[in-house]
There are 12 protein chains.
Amino acid sequence: MTQPITSTLDPEQQRIAGDALRGTVVDLIDLSLIAKQAHWNVIGRNFRSVHLALDELVTAAREFTDSAAERATAVGVSPDGRAVTVAEKSGAIGFPDGWQQDTDVIDAVVGNLAAVISRLRERIDATEKADPVTQDLFIEIAARLEQLHWMWQAQLATA
Amino acid sequence: MTQPITSTLDPEQQRIAGDALRGTVVDLIDLSLIAKQAHWNVIGRNFRSVHLALDELVTAAREFTDSAAERATAVGVSPDGRAVTVAEKSGAIGFPDGWQQDTDVIDAVVGNLAAVISRLRERIDATEKADPVTQDLFIEIAARLEQLHWMWQAQLATA
Amino acid sequence: MTQPITSTLDPEQQRIAGDALRGTVVDLIDLSLIAKQAHWNVIGRNFRSVHLALDELVTAAREFTDSAAERATAVGVSPDGRAVTVAEKSGAIGFPDGWQQDTDVIDAVVGNLAAVISRLRERIDATEKADPVTQDLFIEIAARLEQLHWMWQAQLATA
Amino acid sequence: MTQPITSTLDPEQQRIAGDALRGTVVDLIDLSLIAKQAHWNVIGRNFRSVHLALDELVTAAREFTDSAAERATAVGVSPDGRAVTVAEKSGAIGFPDGWQQDTDVIDAVVGNLAAVISRLRERIDATEKADPVTQDLFIEIAARLEQLHWMWQAQLATA
Amino acid sequence: MTQPITSTLDPEQQRIAGDALRGTVVDLIDLSLIAKQAHWNVIGRNFRSVHLALDELVTAAREFTDSAAERATAVGVSPDGRAVTVAEKSGAIGFPDGWQQDTDVIDAVVGNLAAVISRLRERIDATEKADPVTQDLFIEIAARLEQLHWMWQAQLATA
Amino acid sequence: MTQPITSTLDPEQQRIAGDALRGTVVDLIDLSLIAKQAHWNVIGRNFRSVHLALDELVTAAREFTDSAAERATAVGVSPDGRAVTVAEKSGAIGFPDGWQQDTDVIDAVVGNLAAVISRLRERIDATEKADPVTQDLFIEIAARLEQLHWMWQAQLATA
Amino acid sequence: MTQPITSTLDPEQQRIAGDALRGTVVDLIDLSLIAKQAHWNVIGRNFRSVHLALDELVTAAREFTDSAAERATAVGVSPDGRAVTVAEKSGAIGFPDGWQQDTDVIDAVVGNLAAVISRLRERIDATEKADPVTQDLFIEIAARLEQLHWMWQAQLATA
Amino acid sequence: MTQPITSTLDPEQQRIAGDALRGTVVDLIDLSLIAKQAHWNVIGRNFRSVHLALDELVTAAREFTDSAAERATAVGVSPDGRAVTVAEKSGAIGFPDGWQQDTDVIDAVVGNLAAVISRLRERIDATEKADPVTQDLFIEIAARLEQLHWMWQAQLATA
Amino acid sequence: MTQPITSTLDPEQQRIAGDALRGTVVDLIDLSLIAKQAHWNVIGRNFRSVHLALDELVTAAREFTDSAAERATAVGVSPDGRAVTVAEKSGAIGFPDGWQQDTDVIDAVVGNLAAVISRLRERIDATEKADPVTQDLFIEIAARLEQLHWMWQAQLATA
Amino acid sequence: MTQPITSTLDPEQQRIAGDALRGTVVDLIDLSLIAKQAHWNVIGRNFRSVHLALDELVTAAREFTDSAAERATAVGVSPDGRAVTVAEKSGAIGFPDGWQQDTDVIDAVVGNLAAVISRLRERIDATEKADPVTQDLFIEIAARLEQLHWMWQAQLATA
Amino acid sequence: MTQPITSTLDPEQQRIAGDALRGTVVDLIDLSLIAKQAHWNVIGRNFRSVHLALDELVTAAREFTDSAAERATAVGVSPDGRAVTVAEKSGAIGFPDGWQQDTDVIDAVVGNLAAVISRLRERIDATEKADPVTQDLFIEIAARLEQLHWMWQAQLATA
Amino acid sequence: MTQPITSTLDPEQQRIAGDALRGTVVDLIDLSLIAKQAHWNVIGRNFRSVHLALDELVTAAREFTDSAAERATAVGVSPDGRAVTVAEKSGAIGFPDGWQQDTDVIDAVVGNLAAVISRLRERIDATEKADPVTQDLFIEIAARLEQLHWMWQAQLATA
């Protein structure tokens, strides 16, 4: 099948931007599923604040998923965010099953955020020449995820 | 690990309601991922109305996922909505990769809705005695999914 | 003409639920037209509060009409809410023409509500086995109409 | 019974304005019932956009019904919008029963709008001298219905 | 002093429209002060509904005052709505001092509305040729005041 | 147990302000329960306006309860608003059981308001020197309750 | 006194539904007063999140109180929610006076919720035949209270 | 006629508070009419900002009028805000007729505010002993009018 | 090409109304572009108030453009609002390029408003017989533009 | 005339950024006029969804016009968005007159978007060194226009 | 320079009120800067609830700063809230640099609130005779700060 | 003390971004305090528009302060925005004490904006390699401050 959506990028630019965006879609869907899983399974003294903070993370991850997927379509590349694809290709580090203590949840969230941010930082470099519009989206996503990375870390930090 | 959340149901009631709820969580997450996948990849003359209608389906699927998962926790059962679990256990019939014609999208949505509703109908029967509160949630979900089932079918129907 | 919308119910369930829903659509449209008629023609010392309360009844009747009609479509049955059909088949007891004293309006509203609720109660029984989703909608409608039945009665009651 | 609401119009002005308003109330209620009927029974490729557009027509018809009926009361004339009256006296051309193809729905809506607008245009002339306030309301209703007449026609037109 | 605001009307048109608008400003300010006076001093079984309905009348009178005064300025005529001017020139019939029974309040409101509407009807005729824009404003005001005239009358009417 | 919350008042000021606030909490909770009881049990021609007005009283009483209780905590005094405490110590005059005629409801509300206001007036005097911040809260509560006292009286008054 | 509000239930159905509803009104009022008491008196490291969560419980309890009381009136039974009645008949387990540590508050809330839910479960069984409309309300209340029961438990649980 | 609304003040307190409130009602109505007059008739380079600022003054004056009038009723005194009363008794210094230069408008507003504030300051003293609730209202009004006094002065001031 | 949208007007009425509407569309688009040009290029002491007032003019011009264009379509006439058409046929008097002093901007806006209003007044006469619905729209537009004509003039006027 | 607004850019940077911004203002105004023209003149089966989608394009084009024009002023360059300038200098490809079939409208919109995006891409390169703030604005505009480019294309694409 | 804003207070009253208000402005600005500093630098298990609660404190401090500063202007006294002035004259006790443990943050907030409240209490006494309007503002500020003082203390308290 | 928040930047990148962000926090806090100082102390003919425009500047400065400070934390650097730090290190040029003429206020605001923008432009260069996410934030801040720089200049400019 030929690609039905044309791109304003040349083929090489399109390939670079498209790969980076498809990878980001997968990472962010997984991040949103992990955050929901934690939202339901967290227990412990900080249940309430962790439970609420996780939904903010879900909201952020879902909105950026949509932005990245629609940016892929805008450069003529079909995004793939189906469960099987996410299960196979996500760069997040995952989450254990069953009820989880609040401190373990915080550790897991910090770790998943760090893994996803690290891949985003690489994609910011990779797309600088190929497509500054896509790079700008990655910068916006990184800014928000790094803010969340601080906030989740701050809950475990000691002065 | 002992279950840290107690239930107001007896163990057998809890098992029946818990299994039905965990299965529903998986089906609905898959339905939301399929609908998003279609939302991004649909092309054709009815692009705009199908694109928008898919986001209504996403919203419905996400809200019911949360309701089902939190009902599971309310009866002391840990829900599992991680990507790997969804990829393995979903009762939906899936969605092909790449760009999709609008009529094919409509067919796929009707088929996935029918599969999920069919499992819900079984769970409505299964939970009637075990837990009328859980059953009531399934009835509410079925009512909305059957409404959507009509609306998506109506787009392909001929008088 | 074959039915273009398929149902998740079997034919007998569909017939029972469909008949109950079509009847309810007709009753509720008539109730909304009666309430509007009263809204415009009421006179007397309690004009203002009766005039406003009638619009709450109109709103309730219209919303439930839509719910019942769309439930009919969801089970593959075409609803019929045209003026001629309503004029012929409504189970409401009607309303006289011309200006009406506020106390007479209250009597008429209580009477029409009682008639419609009575038919709803029968349909709650009739649909219990055939379709719990439809039954659940009738229970919701009955709950609201019985609340209004109390409120309109309360205006004429004496301790 | 003497008329309990006095009018600021003389008897002949009141008769002309009152007749025109009572006729308009009946036409507009029928239009709203027809639009709802179509809203529920439409099928076909443009289901979604037709289904939504019909609710805009319902909203317009209902608001203008209220305006016309309350203008009748304001000139001391009792409006009559009961189902039997609508079934007998409406100037709209009606709507068939059962599921309807989207193109047929559009045809039927255009036809009903044209019929109702035609009667409104006559009433605009008839009330010019009798009551400019009533005429002004008819002009406002005609403006909106003629806008809808264009929009519904535009869906069937070819350049 | 020469008039600092020019008009798009000729001098005679301006004189006719200006006089009608200045008179309307005075009548409507008085109507708003009377309605507030009644709002504070009403007593009796229908206190609450009369008290609330009076504030709707205040709101209507104030908004139309502003419309009429700004229409005067738009045709280059200075409006005068000071207390002394209102006290001298109002066409309303006034309101007694002290606490007032609710039925007397209703009578007084109906009477004041009738007086103000009667003068408006004359101004609708007077401005038809001179300025259709000003006439259109008077028609809008009359439509609303006649609606209120019905609603206030309806509270005392008997069938 | 030593008091865990320190106060910016000296012990005598704290005792005076604390007693006044604890008493007010009890009175206002009782007032809100009485108003709800009346809201449900009122019958008669003014049912609707009395029913609605009672919910405004409930809202006012609940908001002031919270203000008074949190002012008590702010001066280091634990408030007590449990059912048993309210049943024993309330200064309101109570409400009979069962359905109540609207006129009787109005009488009872006026009487309860008068009783609660009377105690508030004493507390305004008592706290003037001890704590002007607490006094200011009592003045605000009295202003609103006296406004309601007028409005409820106005329904029974005759000129 | 004869009952001034008629019922659409037969006398035995009315007695069963009425008793269940009156008992629920009392339990829920007590739950709301206990939650407010805790809201004001909680101290400790989790003060803020417990303080906020308690107001969500208050809101839920108040809304369900109103639903249950108005359902009682809808079946012709007078509800009784006065302080003395609540103090005598509540099925909640109560709350100590004075400042309370946050962990003790959580224990007390979980205990009170469990007691109220247990009585609700019995009433769901008791009303199944007598009045499915009342039963449906109890199912809705139980669903929400069991969700809160999980959330409050989760704060004390360890994995 | 005996006073139909009882007061929680003794007769002498009632007389002092009542006189002060009735005088304030008159002053504030006049202030609102003057501000509207200026709003319509201002011309000059600062037209727009003066025109808008005058409507803020109108809003403030109207809201405080209502507060003062309803406080009068709350202490059993009938307020009088009719045009003739305002024309005779207002303590404001008035406003000339016809179009007015913006600088003259500012001068006039500052002067009228100063006159009204001066009388308010006397009433704050007069009501301190008689009724602290009424005094508190005057303090609130003075605070807002003095703020406006600064803002209007600031437009003419030079450093 | 035959006209694909039918009209409820006869051909001569349609021609008159259509010409008037097409001319108005062009004038109003030009007015909105001129106002935006001024919004960006104004400088001087009244920058802020002129800058803001110009956006209110833009909003008004854009909304009336849409009303006029859609009224043209409603009578079966295609509107033409493309840049070339506006550049050729606008009846506005234009605006110089580059930065503009605030007083010059005010002069230019008053002049452009006067030119557009003058043409509107002619069209009000021209359409009176041909189509009162179109005339009513022109009256509404004239009312608003004349109000703005006063407000912009008022900024330059001296008493 | 010397430039009255100073810039934080040096003259060469200012010239580059200024030219790019002035060109963008012209392109975007034309795009908004073309989209409005299409909004009014579209006919055909997809009338409704195309008609609505065009208004989203209008909104986007207008908001970016303002951003680009105000960025020009922020770097001390006067923008020019008058009709004559747009008619002469726009880089869009235009739109035919008269009624247009929906598929032709979609083609024309895709073509105009492609032309405007192409010029934007050049300006993103041109301003990278001269002014990263201006470049960032162009990136934001390109992101949104490319998203719309996909959505409009998707309506014509086939898999 | 003479004072350009006149006061309705005499010189001595103005001096007392002015000094108290200027001091309060300084204290509250410092409180808002300290709370923001803490908002950014807090770490530890209660990060989230402390982080959010600090922004409520910032909001309160900023709103009261504005009230106090504008009250100073209203009595003709220029407020001074520049960084240097705040650094020199604040009565708050300050906040250390760098990351801070949540418990230390709570201690510091309680201490700063106590210091600011203590100075406010003195100013409430000082302004009682000089200006009851200013005193009333201080009472309002104290009420809110004392409420916050309790809430922050409650987080460290033990029963 | 070791840094408790880790960074996704390497130490040198962190040092560069951190220094730039800490400096920006200080500049922006000072800008907000200067704007508030001017907001309170401005006098003169343009008082109202300058007074309002200053609050827009305050809002912008406060929001960007928070963004910069939280970006510092996100890269593991503690921000310092205490009064003493601002007083010592701000790059703004300050504001005189006492009442200030509106033209002087405008001059001072333009000067302070220019000083802060100049330092921001340097930081945009400095962070380009070190951290594009931080650079993107500075570009956004510069865009808004340069827009305000134009708007404030425009008030003093002459063509």
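Remember, it's a predicted structure, so these values are computed and weren't measured experimentally.

Parameters and conventions
Residues numbered from 1 in each chain as written. Chains lettered and ligands numbered in written order. Predicted model: local features only at pLDDT ≥ 70, side-chain atom pairs only at ≥ 80, totals over all residues. Heavy atoms only, no water. Helix = DSSP H or I, 4+ residues; strand = E, 2+ residues; numbered from the N terminus. Rg over C-alpha atoms; globule rule 2.2 N^0.38 Å. Contact = heavy atoms within 4.5 Å. Polar contact = N/O pair within 3.5 Å; in protein donor to acceptor, adjacent residues only side chain to side chain. Least-squares fit on C-alpha atoms with pLDDT ≥ 70 in both. Buried area = accessible area lost by both parts, 1.4 Å probe. Salt bridge = Lys/Arg side-chain N within 4 Å of Asp/Glu carboxyl O. Buried < 20%, exposed > 50% of the residue type's maximum accessible area, 1.4 Å probe, protein only. Phe/Tyr/Trp six-rings, centres within 6.5 Å; stacked < 30°, edge-to-face > 60°. UniProt positions renumbered as here; feature names shortened; annotations may be inferred. Core = buried A, V, L, I, M, F, W, Y, C linked by side-chain atoms within 4.5 Å. Nonpolar A, V, L, I, M, F, W, Y, C, P; charged D, E, K, R; others polar. Axes fitted to C-alpha atoms, helices over the stretch in contact; angles between N-to-C directions. Parallel < 35°, antiparallel > 145°, perpendicular 65-115°, else oblique. Expected span 1.5 Å × (residues − 1). Patch = residues over 30% accessible without salt bridge, like charges linked within 9 Å, V, L, I, M, F, W, Y side chains within 5 Å. Areas by Shrake-Rupley, 256 points an atom, 1.4 Å probe, with all protein chains shown as cover. Lys, Arg positive; Asp, Glu negative; His and termini not counted. Charge placed at Lys NZ, Arg CZ, Asp CG, Glu CD.

(A) Local environment of the overall build of chain A. Scanning chain A from terminus to terminus reveals five helices and two strands. Counted from the first residue to the last, chain A has its helices and strands arranged as α-β-α-α-β-α-α. For 159 residues, the compact-globule estimate of 2.2 N^0.38 gives 15 Å, and the C-alpha radius of gyration of chain A, at 17 Å, lies within 12% of that figure. Its C-alpha atoms give chain A principal-axis dimensions of about 55 × 35 × 20 Å. In chain A, of all internal contacts separated by at least 6 residues, the share reaching a separation of at least 24 is 81%.

(B) Structural detail: the side chain of D102 of chain A. Assignment of secondary structure puts D102 of chain A in helix α4 (residues 102–130). Reaching out from D102 of chain A, the side chain makes a polar contact with the backbone nitrogen of R45 of chain A at a distance of 3.1 Å. What D102 of chain A contacts, discounting residues up to four positions off in sequence, is V42, I43, G44, R45, N46, F47 and V50 of chain A together with R45 of chain K.

(C) Main features of the relation of the copies chain G and chain K. In screw terms, the move from chain G to chain K is a rotation of 120° and a rise of 0.0 Å along the axis, fitting with an RMSD of 0.0 Å. Each copy turns onto its partner about a three-fold axis. By C-alpha distance to the rotation axis, the residue of chain G lying nearest is S49 of chain G, at 4.0 Å.

(D) Spatial organisation of the interface of chain B and chain A. On the side of chain A, 37 residues touch chain B, which itself brings 37 residues to the contact. Taking both sides of the interface into account, the surface hidden between chain B and chain A amounts to around 2,900 Å²; carbon and sulfur atoms contribute 64%. When the buried area of chain B at its contact with chain A is split by residue, W40, R82 and W99 of chain B rank highest and sum to 28% of it. Applying the counting criterion to the chain B and chain A interface returns two salt bridges. The residue K36 of chain B makes a salt bridge to D66 of chain A at a minimum N-O spacing of 2.6 Å. One can count 16 residue pairs in polar contact (both at pLDDT 80 or more) joining chain B with chain A.

(E) Seen up close, the side chain of Q147 of chain L. Counting through the fold element by element, Q147 of chain L comes out in helix α5 (residues 132–154). In this structure Q147 of chain L comes out as buried when scored by relative accessible area, which is 18%. Not counting the four nearest positions on each side in its chain, Q147 of chain L is found in contact with E70 and A74 of chain J.

(F) Fine view of the environment of V109 of chain B. All names here are of chain B. Along the chain, V109 falls in helix α4 (residues 102–130). On the basis of relative accessible area, V109 is assigned to the buried category, the value being 3%. Once the C-alpha coordinates of V109 and A92 are considered, the two residues, 17 residues apart in sequence, prove to be 9.9 Å apart.

(G) Spotlight on the packing of aromatic side chains. According to the stated counting rule, one finds 12 aromatic pairs over all chains in the structure shown. A centroid spacing of 5.8 Å and a plane angle of 75° characterise the contact between F47 of chain E and W150 of chain F, whose relative ring orientation is edge-to-face. Linking F47 of chain E in helix α2 (residues 47–74) with W150 of chain F in helix α5 (residues 132–154), this pair reaches from one chain into another. With respect to burial, F47 of chain E and W150 of chain F carry one shared label: buried.

(H) Spatial organisation of the UniProt feature "domain: Ferritin/DPS" (unreviewed entry) in chain A. Per the UniProt entry, the sites bearing "domain: Ferritin/DPS" (unreviewed entry) are residues 20–157 of chain A in this numbering. As annotated, residues 20–157 of chain A comprises 79% helix and 3% strand, and the C-alpha atoms at either end are separated by 33 Å.

(I) Summary view of the relation of the copies chain B and chain A. Between chain B and chain A, the superposition needs a rotation of 180° and an axial shift of 0.0 Å, giving an RMSD of 0.0 Å. On the angle and the small slide along the axis, the relation comes out as a two-fold axis. When C-alpha positions in chain B are compared against the rotation axis, the closest is assigned to A83 of chain B, at 2.9 Å. A share of 100% of the interface residues of chain B reappears at the interface of chain A, consistent with the copies meeting face to face through the same patch.

(J) Region of interest: the nonpolar core. Membership of the largest hydrophobic core comes to 117 residues, with the highest contact counts inside it found for L113, L145 and W152 of chain F together with L145 and W152 of chain G. Non-local contacts of W152 of chain G, meaning those with residues more than four positions away in its chain, are made with V50, A53, L54, L57, I106, V109, V110 and L113 of chain G.

(K) Structural detail: the interface of chain G and chain K. Each partner contributes residues to the interface: chain G has 12 residues there, and chain K has 15 residues. In total, about 1,100 Å² of surface goes out of reach between chain G and chain K, with carbon and sulfur atoms giving 56% of it. Of all residues in chain G, the largest losses of buried area upon contact with chain K belong to R45, F47 and R48 of chain G, amounting jointly to 58% of the total for that side. Viewed at the interface, chain K and chain G are joined by two salt bridges. Ionic pairing is found between R45 of chain G and D102 of chain K, a salt bridge with its closest N-O pair at 3.8 Å. The tally of links between chain G and chain K comes to four residue pairs in polar contact (both at pLDDT 80 or more). Secondary structure elements with two or more residues in the side of chain G that touches chain K: β1 (42–43), α2 (47–74) and β2 (100–101) of chain G. The dominant element in the side of chain G that touches chain K, judged by the number of residues it contributes, is α2 of chain G, at three residues. Taken together, the residues that form the side of chain G that touches chain K break down as five nonpolar, five polar and two charged.

(L) Main features of the packing of helix α5 (residues 132–154) of chain A against α5 of chain L. Following both chains from N to C, one finds α5 of chain A and α5 of chain L inclined at 100°, their axes separated by 9 Å at the closest point. Between α5 of chain A and α5 of chain L, the interaxial angle falls into the category roughly perpendicular. Only P132, V133 and D136 of chain L of α5 of chain L make contact with α5 of chain A, whose side of the interface consists of D136, I139, A142, A143 and E146 of chain A. When the residues that make up the contact of α5 of chain A with α5 of chain L are grouped by side-chain class, the tally is five nonpolar, no polar and three charged.

(M) Focus on the environment of T134 of chain K. Residues and elements named next belong to chain K. Secondary-structure assignment places T134 in helix α5 (residues 132–154). What makes T134 buried here is its relative accessible area of 0%. In this structure, the C-alpha to C-alpha distance between T134 and W152, residues 18 residues apart in sequence, is 27 Å. T134 has contacts with A17, L21, R71 and T127, leaving out every residue within four places of it along the chain. Within the local environment of T134, its side chain forms a polar contact with the side chain of R71, the two groups lying 3.2 Å apart.

(N) Inspection of the pattern of salt bridges at higher detail. As enumerated under the stated definition, the model contains 156 salt bridges over all chains in all. Put simply, R15 of chain C and D19 of chain C hold a salt bridge, and the shortest N to O gap is 3.6 Å. Of the two residues, R15 of chain C and D19 of chain C both sit in helix α1 (residues 11–41), four residues apart, roughly one turn of that helix. Judged by relative accessible area, R15 of chain C falls into the partly exposed class, the value being 43%. In this structure D19 of chain C comes out as partly exposed when scored by relative accessible area, which is 47%. Residues D27 of chain D and R119 of chain D are paired through a salt bridge, measuring 2.8 Å at the closest nitrogen-oxygen approach.

(O) Spotlight on the arrangement of the chains. With no contact formed, the shortest span from any C-alpha in chain B to any C-alpha in chain H equals 42 Å. Separated in space, chain D and chain L share no contact, their closest pair of C-alpha atoms being 39 Å apart.

(P) Structural context of helix α1 (residues 11–41) of chain L. Residue and element names in this part refer to chain L. With 31 residues, α1 ought to run about 45 Å at 1.5 Å a step, and its terminal C-alpha atoms sit 45 Å apart, in line with that. In terms of residue burial, α1 counts as a mostly covered element, since 24 of its 31 residues are buried. Between a side-chain oxygen at the N-terminus of α1 and the backbone nitrogen of E12 the separation is 3.1 Å; the capping residue is D10.

(Q) A look at the environment of S49 of chain B. Inspection of the secondary structure puts S49 of chain B in helix α2 (residues 47–74). Taking relative accessible area as the criterion, S49 of chain B reaches 13% and is therefore assigned buried.

(R) Layout of a negative patch on the surface. Together, E122, D125 and E128 of chain A, E122, D125 and E128 of chain J together with E122, D125 and E128 of chain L make up a negatively charged patch on the protein surface. Among the elements of the structure, α4 of chain A, α4 (102–130) of chain J together with α4 (102–130) of chain L are those that each provide at least two residues to the negative patch. Mapped onto the elements, E122 of chain L comes out in helix α4.

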